Amino acid sequence: IRLWTILGTKVWSTNKLKMRSLAGKTLCIVGGSGYVGKGIARHAVSLGVKTISVSRSGKPKDVNSPWIDQVEWVRGNAMNPSTFDESLKKSDAVVHLVGTLIDTSIRKNKKPGDEGTYEQMNRDAAIAVANRLVEVHPAPKMVFMSASRAPPFIKRYLTTKEEAERHILSLPKMHAVILKPGFIYSAKDRWWSVPIRYGCTLWSSSFGRVYENIKTDSVLKKPLSNFDVDQAIALELSLIHI
């Protein structure tokens, strides 16, 4: 079991570790149609990894790059992972990315636990995929994208992810990696995330120490670029010997 907290690009001093080749391995990305998922898929393809991307929408229509045709795009529902059993069975590892930053309890006044809320998106989907992976795979390996902190004043964003973490780590046979980055931004794929990235940095530098001292969970750690996350997952997959 490995638990990493990624606070910024200086973490890449760990790249001095000798990485095992991932070429020829099979990776299943659940929630792979988002900008983090697409970044990981692109990076995996560049490493020679057989890449499967599972999402409700399947193959994204907003990408026109050669690597996209080297990915197997599968339609599936993380709340019902039996819909992509074959993808789980043939994968050497699964990366779970399903989640939401602002849920439907905030945007649509839904009750906690309803469709689209933190309870469903950040917790229940991950638990469902992990449970199914243990059932269908003889040597289950999973990377779960959690978080280091919640957005200001939205504690449930983090607590639901932490509940999923505890469940995944408790499963028998499961070899789990938990990644806990701050806000993930990408100037290329989501330009609007860049000003938020600087806002997070300003918030953290201005109020971080004060809020840490009063033990709150509403402070954002140093933002992390999408590229750094891609590199982190590649390194972790190498270290868990997929």
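Going by the structure above, here's the rest.
Residues numbered from 1 in each chain as written. Predicted model: local features only at pLDDT ≥ 70, side-chain atom pairs only at ≥ 80, totals over all residues. Heavy atoms only, no water.

### Let's talk about the overall build of the protein chain
Within the protein chain one finds seven helices and nine strands. Put simply, the protein chain has 242 residues, and 53% of those count as buried. Across the protein chain, contacts joining residues at least 24 apart in sequence account for 68% of those joining residues at least 6 apart. (Helix = DSSP H or I, 4+ residues; strand = E, 2+ residues; numbered from the N terminus. Buried < 20%, exposed > 50% of the residue type's maximum accessible area, 1.4 Å probe, protein only. Contact = heavy atoms within 4.5 Å.)

### A word on the packing of aromatic side chains
For any pair of aromatic rings, the description rests on two quantities: the centre-to-centre distance and the angle between the ring planes. All chains considered together, the criterion is met by two aromatic pairs. Ring plane angle 80° and centroid distance 5.9 Å describe the contact between Y118 and Y157, whose orientation is recorded as edge-to-face. Residue Y118 is located in helix α4 (residues 118-136), and its partner Y157 is located in helix α5 (residues 155-170); the two are separated by 39 residues in the primary sequence. For the residue pair Y118 and Y157, the accessibility class agrees, reading buried in each case. (Phe/Tyr/Trp six-rings, centres within 6.5 Å; stacked < 30°, edge-to-face > 60°.)

### Remarks on the nonpolar core
The tendency in soluble globular proteins is for nonpolar side chains to be buried side by side. In terms of nonpolar packing, the biggest core is built from 26 residues, with V30, I168 and M174 touching the most fellow members. For this core, the secondary structure elements donating two or more residues are β2 (26-30), β3 (50-55), α4, β6 (141-145), α5 and β7 (175-180). Counting 21 residues, the second-largest nonpolar core is a separate cluster that includes Y35, V49, I68 and V177. (Core = buried A, V, L, I, M, F, W, Y, C linked by side-chain atoms within 4.5 Å.)

### Remarks on the pairing of strand β5 (residues 93-96)
Residues A93 and V95 of β5 are buried on one face, and the alternating residues V94 and H96, pointing to the opposite face, are buried as well. For β2 and β5, the ladder comprises four bridges, and the chain directions are parallel. Residue C28 lies in a different strand from β5, and its bridge partner there is V94. (Pairing = 2+ DSSP bridges.)

### A look at the pattern of salt bridges
Evaluated as defined, the whole model comprises ten salt bridges. The partner of K59 in a salt bridge is D69, and the shortest N-O contact between them spans 3.0 Å. A residue pair is termed long-range when its members are at least 10 positions apart, and K59 in the loop between β3 and β4 (71-75) and D69 in the loop between β3 and β4 qualify at ten residues. For K59, a relative accessible area of 43% translates into the label partly exposed. (Salt bridge = Lys/Arg side-chain N within 4 Å of Asp/Glu carboxyl O.)

### Some remarks on the environment of L88
With respect to the helices and strands, the residue L88 is situated in helix α2 (residues 85-89). With a relative accessible area of 0%, L88 lands in the buried category. In the structure, L88 is positioned 52 residues away from P140 in sequence and 8.9 Å away in space, judged by C-alpha atoms. Not counting chain neighbours up to four residues away, the residues in contact with L88 comprise C28, P81, V94, R132, L133, V136 and H137.

### Some details on helix α1 (residues 35-46)
Given a rise of 1.5 Å per residue, twelve residues ought to cover 16 Å, and the 17 Å separating the end C-alpha atoms of α1 matches this to within 8%. With respect to burial, α1 is a largely interior element, ten of its twelve residues being buried. Looking only at α1, the buried set comprises Y35, V36, G37, K38, G39, I40, A41, H43, A44 and V45. Positive backbone phi, at 80°, marks G48, one or two positions downstream of α1. (Expected span 1.5 Å × (residues − 1).)

### Section: unusual backbone geometry
The backbone of N109 shows a phi angle near 60°, a positive value even though the residue is not glycine. With respect to the element layout, N109 can be found in the loop between α3 (104-107) and α4.

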